[in-house]
Amino acid sequence: MGRSVTYLVVALVVLAAVVIVIVVRARRPVPARPGGRSSDARPAEPPRGDPLRLGLGDRVRIRNREYAVSGTIRLVEGDWSWVQHLLDDDTGTRYRLSVEDGPELELVLWTAEPGASVTPGAPTIDLGRRRYTWAETGQARYTATEETGLPSAGTMRYHDYQSGGGARLSFEAYGEEGWRVARGNLLDPADLTILPKPAER
């Protein structure tokens, strides 16, 4: 009888310990994944429509501003390809939207910096109170359609730099021309809305 009581007490103590461990673990916060998002964060919503297939006259909304597509440059480097859409918002500023469809869709909105005096090649570059670090260099073949100001096909050299907060800096040279400088910002796919085309009358 004494042994039965002892076994019962031990079993109750073990059961209580197990319950305490389960409760403590349940109250622990979920650790954040790299990039600051918790593991139960909802994935970014993809844009409606296909940003790779935008064409002349298509309109997009990026955050709270609308743009019209005025031309497209398609680039290929080995097995890697990407698209750049030239955008017009009626202010005269040159914008472009780069679209890379890799393991994850990457969208960057670029603003031309025609007055920038910096050149590529250094490990870091300071521009606009921000320091950018070299990321990659390469050469691609391109085809251009509509209003790009480029020959319909050719080669393009580039140097890409990155900074914190999704900031980007690019240098591109098409054919034998000099470097075009642009600063960019990485977009969440949910920042882009492809607007429906107006109904034809």
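Further up the page is the structure itself.
Residues numbered from 1 in each chain as written. Predicted model: local features only at pLDDT ≥ 70, side-chain atom pairs only at ≥ 80, totals over all residues. Heavy atoms only, no water.

### Things to note about the overall build of the chain
Basically, it comes down to this: We count a stretch as a helix when DSSP gives it H or I for four or more residues in a row; a strand needs E for two or more, and each element gets its number in order from the N terminus. By definition in these notes, contact holds between two residues if any of their heavy atoms fall within 4.5 Å. Per-residue and other accessible areas were derived by the Shrake-Rupley procedure at a 1.4 Å probe size, with only the shown protein chains allowed to occlude residues.
A tally of regular secondary structure across the chain gives 1 helix and 11 strands. Helices and strands appear in the chain in the N-to-C order α-β-β-β-β-β-β-β-β-β-β-β. In the chain, the proportion of contacts linking residues at least 24 apart, taken out of those at least 6 apart, comes to 48%. Of the roughly 13,400 Å² of accessible surface on the chain, a fraction of 52% belongs to carbon and sulfur atoms.

### Brief notes about the environment of Arg-61
Convention followed: We define a polar contact as two N or O atoms separated by no more than 3.5 Å, with the added condition that, inside protein, one atom must be a possible hydrogen donor and the other a possible acceptor, whereas residues neighbouring each other in sequence contribute only through side-chain atom pairs.
Turning to its location among the elements, Arg-61 is positioned in strand S1 (residues 59-62). It is 6.9 Å that separates the C-alpha atoms of Arg-61 and Leu-195, two residues lying 134 residues apart in sequence. Once you skip the residues sitting within four places of it in the chain, Arg-61 turns out to touch Glu-66, Asp-191, Leu-192, Thr-193 and Leu-195. Only 3.4 Å separates the side chain of Arg-61 from the side chain of Glu-66, close enough to count as a polar contact.

### As for the side chain of His-159
The line we're drawing: Three labels apply to residues, based on accessible area from a 1.4 Å probe with only protein chains included: buried if under 20% of the type maximum, exposed if over 50%, partly exposed otherwise in between.
Tracing the sequence through the fold places His-159 in strand S8 (residues 153-162). By relative accessible area, His-159 is classed as buried at 16%. In terms of polar contacts, His-159 uses its side chain to reach the side chain of Thr-137, at 3.0 Å. Dropping the residues within four chain positions of it, His-159 is found in contact with Pro-120, Gly-121, Trp-134, Glu-136, Thr-137, Leu-169, Ser-170, Phe-171 and Trp-179.

### Concerning the packing of aromatic side chains
When we look at a pair of aromatic rings, we describe it by the centre distance and by the angle of the planes. Definition in use: Only rings of Phe, Tyr and Trp enter the pairing, Trp through its six-membered ring, and a pair is recorded when the two centres are within 6.5 Å. The plane angle decides the type: under 30 degrees is stacked, over 60 is edge-to-face, the rest tilted.
In the structure shown here, the tally under the stated rule is 5 aromatic pairs. Aromatic side chains Tyr-67 and Tyr-95 sit 5.3 Å apart centroid to centroid with 70 degrees between the ring planes, which places their arrangement in the edge-to-face category. Note that Tyr-67 is positioned in strand S2 (residues 65-77) and Tyr-95 in strand S4 (residues 95-101), a separation of 28 residues in sequence. We note that Tyr-67, like Tyr-95, is buried. Among the aromatic residues, those joined into a cluster by ring pairs are Trp-80, Trp-82 and Tyr-158.

### Some details on the environment of Ile-125
Along the chain, the position of Ile-125 falls in strand S6 (residues 124-127). Of the residues examined, Ile-125 reaches a relative accessible area of 5% and is grouped as buried. Sequence-wise, Ile-125 and Leu-169 are 44 residues apart; in three dimensions their C-alpha atoms are separated by 9.0 Å. Setting aside its immediate chain neighbours within four residues, Ile-125 contacts Val-118, Thr-119, Pro-120, Arg-130, Arg-131, Tyr-132, Tyr-161, Leu-169 and Phe-171.

### Description of the environment of Arg-96
Counting through the fold element by element, Arg-96 comes out in strand S4. Expressed as a C-alpha distance, the spacing of Arg-96 and Leu-109, which sit 13 residues apart in the sequence, is 6.0 Å. Polar side-chain contacts of Arg-96 include one of 2.8 Å to the side chain of Gln-84. At 2.8 Å, the side chain of Arg-96 forms a polar contact with the side chain of Ser-170.

### Description of the pairing of strand S9 (residues 167-174)
In the case of a regular strand, side chains alternate between the two sheet surfaces. As a reminder, the rule being used: DSSP bridges decide pairing: two strands pair if at least two such bridges lie between them.
Where burial is concerned, most of S9 is hidden: 8 out of the 8 residues are buried. With burial as the criterion, each face of S9 is covered, one bearing Ala-167, Leu-169, Phe-171 and Ala-173 and the other bearing Arg-168, Ser-170, Glu-172 and Tyr-174. Two strands pair when backbone bridges link them, and S8 and S9 are joined in this way by 7 bridges, in the antiparallel orientation. Looking at S9, one finds that Tyr-161 is bridged to Leu-169. From the end of S8 to the start of S9, which pair antiparallel, there are 4 residues, and Gly-165 there has a positive phi angle of about 70 degrees. Across 6 bridges, S9 lies against strand S10 (residues 180-187) in antiparallel orientation. Of the residues in S10, the one forming a bridge with Ser-170 is Ala-182. What sits between S9 and S10 in their antiparallel hairpin is a turn of 5 residues, with Gly-175 showing a positive phi close to 60 degrees.

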